[in-house]
Amino acid sequence: MKISKRVRNLYYKLFEAPAIKAENIGVIFLKRKQLRKLIKGMPRLTSKQKKAVRAYWKPYCKVKMNWFRYFTFMTGKFDPRYIPEDIMQTKIDQHFNSRKLSYGFNDKNNYSLIFSKFKQPKTLVRKIDSLLFDENYELLTSKKAMDIILKNDEVIVKPSQDTGGGKNIKFYNTKTDKKALDNLLNGKEQNFVVQQIIKQHPEMGKMHPESLNTVRVTTMLLEDGVHILSAVMRMGAGTSRVDNVSAKSSILAPINEDGTIMPNAISSSDFHSGNRLKTHPDGMPLSQIKIPNFECMLETAKKVSLYTGHFRFVGVDLCVDENENIVLIEVNMRKIDTMYTQALMGPFFGDLTEKILDEVFRKETK
Amino acid sequence: MNYIKPSFTNIYLRFDAFIHDSFRRNWSKHYSFNQLKDAKPNYKNWKKLTRNEKKEIVSYWGIKDPKKSDFVTHEIMLNVHGKFDVRYCPEKIFRVYLDPGLSDRKIVSAWDDKNYFELHQPNLPFPKTILRNVNGYFLDSNYSHVQIDDAKNIILNNLPVIVKPSIDSGEGKNLKLISNKDEVDDIFNNYKKDYIIQELILQCDEFKKLSPKSVNAMRIVTAIVNGKAVLLSSALLCNTTDSIACNKNVSAGVGVVIIGIDENGKLDDVGYFENAKQIQTLPNGVKFGGIKVPSYKKVIELALKAHESMPMLGIIGWDITIDKDDNPIFIEWNLRGIGMYHSQLATGPLFGEYSQQFADISKKLIKNWKKK
């Protein structure tokens, strides 16, 4: 179809832009509602601090002071460079990450193709559009698929589209849950992957061996190459088997440059009191962990983010297996959660803040 | 504390789908009337469809409140091929319902990116990539970051090269051959982002004979039927002008010749211009009937196997050429608007023996369209 540039621009202005705006309004509403709950009882900013924030953000956009109030209380340090989460998830995310393409790229059945050069959890069976495939995209019957699955003791099933926050991730014991697995393979669900469970490095599993503990590395692609913005260790706690923030009982801990963990963590059930943990709720002091092969991990995250050029601001979830290999679990390509990372570590973009904000807002005003 | 996940993401998609529908409807109408206008002067006794034939079309494809534009494709095909056949797929049905309905609309734009073809299908032979530009950033063929100065050097060392946009391409739009050192700067000035720079393809002798200046490509259409990939149609696109792209739109539709290919890889005796005019010899005097396409069977095998691993894409139009060593080279795949009119001109009804199944799908889609 041949459509001239003018028509395309008009189409964007009339239809696409309002749709994106409508979506953004929803996100902003939810995020602010979330903040209002968290912020109860926190001390207010002084007028000097408020002035500093207004002066810093004047060339860019209007900001809500409550965000700075929240971050200042959580970190104990005031800084005008904090990025409010509603701006992060609308304007900044929209600028760096193509939303239209994200639906196709965020497909877990697509990962083994796009990221074929990186080690990933071994896929046993995939279901794409209600057809069953093996690891190498060869068609399977449901009987054959079952045979492949039964060779393992335990498997993990993840939905391949619309994922995030550990949603709908299920574990199956192949000896006891045979019927449930059979229902899954022949059932209504159209898109998912069945994967082997990763045996993690003993150092990574020290705190909470029941869950797979991962490192979330956030990267940004700028003109001079890939920058690493933050690296946070996420651990499960209690009975949890996943380490996502939405799992309520996970622990987030910042990582030093040499791979050791700062004894300065927060629990996801406690994002409002400002309490910092020095020990894991299961009893182990945090300072005793050192992430093996950490340098290689950062290198991998940098390489991964080059494969997703349409998404310049991504969160890469990595873990370390038994043999100290870095394993790629997931790449988050849109609406990356930075609120808790900022509450943990301070301004998200650090020294790059001005450069990034300049790029985002100058382009928008054009 | 409850972590709230925004559930507003779907609004954008739904809205997008709704708007696209109305756009598709208008464009398909526009397209089919243009085809009719171009085709009419080439045939002396223009026949029209009878009332019964129209009724048959409506019931076969499940058309709701039929309009004039729904019958245009059948009217053209009746005059071109001299015989009425319900199985021809109307342009409007294809563009509005089948095309978006068969492939998962959400993911199509991601799979359409030429910069990721090699990752999606690592077993297929693609033209050798020299440099890519993804979202404004230069990556080399192995997806490592390259600075602009280095990018220039890489291109200079590999001249001549072909530059084409990696997203929103088609009909040979913005495709350019760069053979001089002075032209390299034009790439950086004219193309802003999302393009791919590839090595020039040297085509086989058979194709070279037909038109030496353009790269002639086969347009092969495959679809998923009951979980298996099937071949729907295969035709050769051949540009008789000086343009490199075989499918480049030349004014008034004259220039591109579409020739059907039979099961054994032999070209049909009759070819068609885009305005439905029949020819048997190309303007340069070459008679194409009976010329055999080298390694045709291998091409079909590769295309079918590749399609089987991507069942979420219901229908694909592959552009494939043959290089000088008789090896197939996959230029691109098309997921949207696969140029169905050309295929039907050259090879008859697009869905062939599977027409009934696709008609049933179309009926279902039309029935449930608003509920979606």
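Everything that follows concerns the structure shown earlier in this document.
A. A look at the overall build of chain A. Summing up its helical and strand segments, chain A has 11 helices and 11 strands in all. Counting over 366 residues, chain A shows a buried share of 55%. By sequence separation, contacts in chain A at least 24 residues apart represent 65% of the contacts at least 6 residues apart. By element, 50% of the accessible surface of chain A is carried by carbon and sulfur atoms, the whole surface being about 16700 Å².

B. Highlighting the pairing of strand β5 (residues 192-196) of chain A. All names here are of chain A. Summarising burial for β5: four of the five residues are buried, a large majority. Alignment of strand β1 (residues 123-128) against β5, held across four bridges, turns out to be antiparallel. Across the sheet, residue Arg-126 finds its bridge partner in β5, namely Val-193. For strand β3 (residues 154-159) and β5, the ladder comprises five bridges, and the chain directions are antiparallel. Residue pairing in the sheet places Val-155 in a bridge with Gln-196 of β5.

C. Fine view of the packing of aromatic side chains. Applying the stated rule across the entire model yields 31 aromatic pairs over all chains. Between Phe-96 of chain A and Phe-313 of chain A, the ring centres sit 6.4 Å apart and the planes meet at 65 degrees, which makes this aromatic pair edge-to-face. Taken together, the residues span a long stretch of sequence, with Phe-96 of chain A in helix α4 (residues 85-96) and Phe-313 of chain A in strand β10 (residues 313-320) at a distance of 217 residues. Residue classification places Phe-96 of chain A among the buried residues on the basis of a relative accessible area of 1%. Connected via pairs of aromatic rings, a cluster forms that spans Phe-105, Phe-118, Tyr-307 and Phe-311 of chain A together with Tyr-116 and Tyr-143 of chain B. Taking the ring centre of Tyr-143 of chain B as reference, the NZ or CZ of Arg-132 of chain B above it sits at 4.2 Å.

D. Structural detail: the nonpolar core. Counting residues in hydrophobic clusters, the biggest one holds 46 residues, and the most contacted among them are Phe-115, Val-215 and Ile-291 of chain A. The greatest single-element share of this core, amounting to five residues, is contributed by helix α9 (residues 294-306) of chain A. With residues up to four places along the chain from it excluded, the contact list for Val-215 of chain A reads Met-204, Ala-231, Val-232, Met-233, Ile-255, Ile-291, Met-297, Val-316, Asp-317 and Leu-318 of chain A. Core analysis: the second largest hydrophobic core is formed by 43 residues, Ile-128 of chain A together with Phe-117, Ile-300 and Trp-318 of chain B among them.

E. Structural context of the environment of Lys-199 of chain A. Residues and elements named next belong to chain A. Along the chain, the position of Lys-199 falls in the loop between β5 and β6 (214-222). In the structure, Lys-199 is positioned 40 residues away from Thr-239 in sequence and 18 Å away in space, judged by C-alpha atoms. In contact with Lys-199, other than residues within four places in its own chain, are Asp-321 and Glu-322.

F. Inspection of the packing of helix α7 (residues 142-150) of chain A against helix α8 (residues 178-186) of chain A at higher detail. Residues and elements named next belong to chain A. Where α7 contacts α8, the two axes come as close as 11 Å, and the packing angle between them is 140 degrees. With respect to α8, the axis of α7 lies oblique. Seen along the crossing, α7 lies across α8 with a hand that is right-handed. Across the interface between the two elements, Ser-142, Ala-145, Met-146, Ile-149 and Leu-150 of α7 pack against Lys-178, Leu-181, Asp-182, Leu-185 and Asn-186 of α8. Of the residues in the contact of α7 with α8, the class split is six nonpolar, two polar and two charged.

G. Just the side chain of Asp-194 of chain B, in detail. Within the fold, Asp-194 of chain B resides in the loop between α8 (184-190) and β6 (195-199). Within the buried set, Asp-194 of chain B has no salt-bridge partner at all; the shortest N-O distance to an opposite charge, 4.9 Å, is to Lys-193 of chain B. Setting aside chain neighbours within four positions, we find Asp-194 of chain B in contact with His-310 of chain A together with Asn-133, Val-134, Asn-135, Gly-136, Pro-165, Ser-166 and Ile-167 of chain B.

H. Local environment of the sheet that holds β1 of chain A. Residues and elements named next belong to chain A. Strand order across the open sheet formed by five strands is β2-β1-β5-β3-β4, with antiparallel pairing between neighbours. Lying at the two open borders of the sheet, with one neighbouring strand each, are β2 (131-133) and β4 (170-173). Pairs of neighbouring strands in the sheet enclose a mean axial angle of 20 degrees, with direction left out of account. The strands touched by α7 are β1, β2, β3 and β5; relative to β1, the strand with the most contacts, the crossing angle is about 150 degrees.

I. Seen up close, the pairing of strand β2 (residues 137-140) of chain B. All names here are of chain B. Relative to β2, strand β1 (residues 129-134) is paired through four bridges, and the arrangement is antiparallel. From the neighbouring strand, Val-134 faces β2, where its bridge partner is Tyr-137. Turn length for the β1-β2 hairpin, with the two strands adjacent in sequence and antiparallel, is two residues, and the turn residue Asn-135 shows positive phi of about 60 degrees. Bridge count for β2 against strand β3 (residues 145-146) is two bridges, and the pairing is antiparallel. Each bridged residue has a counterpart across the sheet, and for Leu-139 the counterpart in β3 is His-145. What sits between β2 and β3 in their antiparallel hairpin is a turn of four residues, with Tyr-143 showing a positive phi close to 65 degrees.

Criteria and cut-off values
Residues numbered from 1 in each chain as written. Chains lettered and ligands numbered in written order. Predicted model: local features only at pLDDT ≥ 70, side-chain atom pairs only at ≥ 80, totals over all residues. Heavy atoms only, no water. Helix = DSSP H or I, 4+ residues; strand = E, 2+ residues; numbered from the N terminus. Buried < 20%, exposed > 50% of the residue type's maximum accessible area, 1.4 Å probe, protein only. Contact = heavy atoms within 4.5 Å. Areas by Shrake-Rupley, 256 points an atom, 1.4 Å probe, with all protein chains shown as cover. Pairing = 2+ DSSP bridges. Phe/Tyr/Trp six-rings, centres within 6.5 Å; stacked < 30°, edge-to-face > 60°. Lys NZ or Arg CZ within 6 Å of the ring centre and 35° of its normal. Core = buried A, V, L, I, M, F, W, Y, C linked by side-chain atoms within 4.5 Å. Axes fitted to C-alpha atoms, helices over the stretch in contact; angles between N-to-C directions. Parallel < 35°, antiparallel > 145°, perpendicular 65-115°, else oblique. Left-handed = near helix turned anticlockwise from the far one by under 90°. Nonpolar A, V, L, I, M, F, W, Y, C, P; charged D, E, K, R; others polar. Lys, Arg positive; Asp, Glu negative; His and termini not counted. Salt bridge = Lys/Arg side-chain N within 4 Å of Asp/Glu carboxyl O.

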